[in-house]
Amino acid sequence: MAGAPFPEQKTMPSAELKTLKARVTVMPKAGVLDPEGKAIGHALGTLGFNGVGEVRTGKIIELELTETDPAAARAQAEEMARKLLANTVIESFRVELA
Amino acid sequence: MNAVILLFPGTNRERDMAIALEKATGRRPTILFHSETSLPAGTDLVVLPGGFSHGDYLRCGAMAARSPIMPAVAGFASKGGHVLGVCNGFQILTEAGLLPGALLRNASLRFLSMECHLRVENAATPFTNHWQKGAVFRAPMAHGDGNYFADDATLEALEKDGRVAFRYVTPEGEATEAANRNGARNNIAGILSENGRVLGLMPHPEDLVDPLMGGTDGLPLFESIAASFATA
């Protein structure tokens, strides 16, 4: 891939910097089909786990942020979720700080 | 006419698209890398071809929709420019907000690589004017995430305004559940933007434009494009 102009990654050396962890949970919105959740629910039934209702799958994305003010870090993570991490047409998200 | 085909890392149908466009228009399209930030002067049509841009990471098309070239594509579309997205290109256009809705995982959870039949729902567009409304044609499809989803209000608006371009149907032209292999709402295979100049569809008409490919069912799409710009 000589010459392929990928933007340079700006990775922070985490050991040297004070950081804050944000955890973004992305889930399909109610009413959006989740065939993967359905398949998992079906497999659980096959394994004999009865009494499982609807199964929904999603994603968890952990972010290491150099912003250490909790309110500002949360606002940043929420903006990232709106702009990229979640597709709000089909998904909702929740941000937790650790 | 000057067509520009965008190339993202993981795009793999750009050459098929170039062959189909050149066959219909007589002009070889320009292939433009995603890291560019502007379109060549005089661009008439921007095409986002199929593939697996950025490995389908996060969501299909999510990364590509945030590529450096995409603000230029959005600007081009907002000024009335013509944009075509096929398969991954359709996914990128929805992720970029240039078309409404989203493409979910196929309801069967299976990657579907097969032939399908499409019905032309609107033949009065720059992309479909070489078909009759209601015409049925064959098209190859190959996707894991082609299950079109939009909320009820969006779906109603698409239907009311003639913005459903193509629907999955049986060879006889019936929009049945069995013909809707990926589970798309209302059997939707392709949709148009409000001004009718942005089209996204999951199947691959560009892969059926020559008898050597097994038929020319997909050619009217490219002849329509050529005709639209010949008279413009």
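Residues numbered from 1 in each chain as written. Chains lettered and ligands numbered in written order. Predicted model: local features only at pLDDT ≥ 70, side-chain atom pairs only at ≥ 80, totals over all residues. Heavy atoms only, no water.

Taken together, the 18 residues of chain A in the interface contact 18 residues of chain B. Here chain A meets chain B over a buried area of about 1,500 Å², counting both sides, of which 71% is carbon and sulfur. Between chain A and chain B we count 2 salt bridges in total. Where Arg59 of chain B meets Glu91 of chain A, a salt bridge forms, and the shortest distance between an N and an O atom there is 3.6 Å. Across the chain A-chain B interface, the total number found is 5 residue pairs in polar contact (both at pLDDT 80 or more). Among the secondary structure elements, those contributing two or more residues to the side of chain A that touches chain B are α1 (35–46), β2 (59–65) and α2 (70–85) of chain A. The class makeup of the residues in the side of chain A that touches chain B is 12 nonpolar, 2 polar and 4 charged. (Contact = heavy atoms within 4.5 Å. Buried area = accessible area lost by both parts, 1.4 Å probe. Salt bridge = Lys/Arg side-chain N within 4 Å of Asp/Glu carboxyl O. Polar contact = N/O pair within 3.5 Å; in protein donor to acceptor, adjacent residues only side chain to side chain. Helix = DSSP H or I, 4+ residues; strand = E, 2+ residues; numbered from the N terminus. Nonpolar A, V, L, I, M, F, W, Y, C, P; charged D, E, K, R; others polar.)

A word on the nonpolar core. Considering soluble globular proteins, one finds that nonpolar side chains tend to be buried as a cluster. Ranked by size, the top nonpolar core spans 68 residues in total, and within it Leu6, Leu84, Tyr148 and Phe166 of chain B carry the most contacts. Setting aside residues up to four positions removed in sequence, Leu84 of chain B forms contacts with Met17, Leu45, Val46, Val47, Leu48, Leu93, Phe127, Leu199, Leu201, Leu221, Phe222 and Ile225 of chain B. Of all hydrophobic cores here, the second largest spans 13 residues; its members include Leu63, Leu65, Ala73 and Ala86 of chain A. (Core = buried A, V, L, I, M, F, W, Y, C linked by side-chain atoms within 4.5 Å. Buried < 20%, exposed > 50% of the residue type's maximum accessible area, 1.4 Å probe, protein only.)

Residues and elements named next belong to chain B. Of note, Leu58 is a non-glycine position whose phi angle comes to about 70°, a positive value. In this fold, Leu58 is placed in the loop between β3 (45–48) and α2 (70–78). The class of Leu58 is partly exposed, set by a relative accessible area of 21%. Positive phi, close to 60°, is recorded for Asn187, a residue that is not glycine.

Attention now moves to the UniProt feature "active site" (unreviewed entry) in chain B. Residues and elements named next belong to chain B. The feature "active site" (unreviewed entry), as given by UniProt, occupies Cys87, His204 and Glu206 in the numbering adopted here. For this annotated set, covering 120 residues, all C-alpha atoms fall within 11.0 Å of each other, a compact arrangement in space. By the element assignment, Cys87 lies in the loop between β4 (82–86) and α3 (88–95). Residue class for Cys87 comes out buried when judged on its relative accessible area of 5%. Other than its neighbours up to four places away in sequence, Cys87 contacts Gly50, Ala142, His143, Leu201, Met202 and His204. Its location among the elements puts His204 in the loop between β11 (198–201) and α5 (219–230). With near-sequence residues (within four places) excluded, His204 lies in contact with Arg13, Gly50, Val86, Cys87, Pro140, Met141 and Ala142. (UniProt positions renumbered as here; feature names shortened; annotations may be inferred.)

Residues and elements named next belong to chain B. Every buried residue of α2 is accounted for by Met70, Ala72, Val73, Phe76 and Ala77. Buried residues of α2 fall within an arc of 155° about the axis and therefore sit on the same side. For α2, exposure combined with an orientation more than 90 degrees from the buried face picks out Pro71 and Ser78. Against the buried residues of α2 lie β1 (3–7), β3, β4, α3 and β11. Phi turns positive, to about 95°, at Gly80, one or two residues after α2. (Arc of directions from axis to C-beta.)

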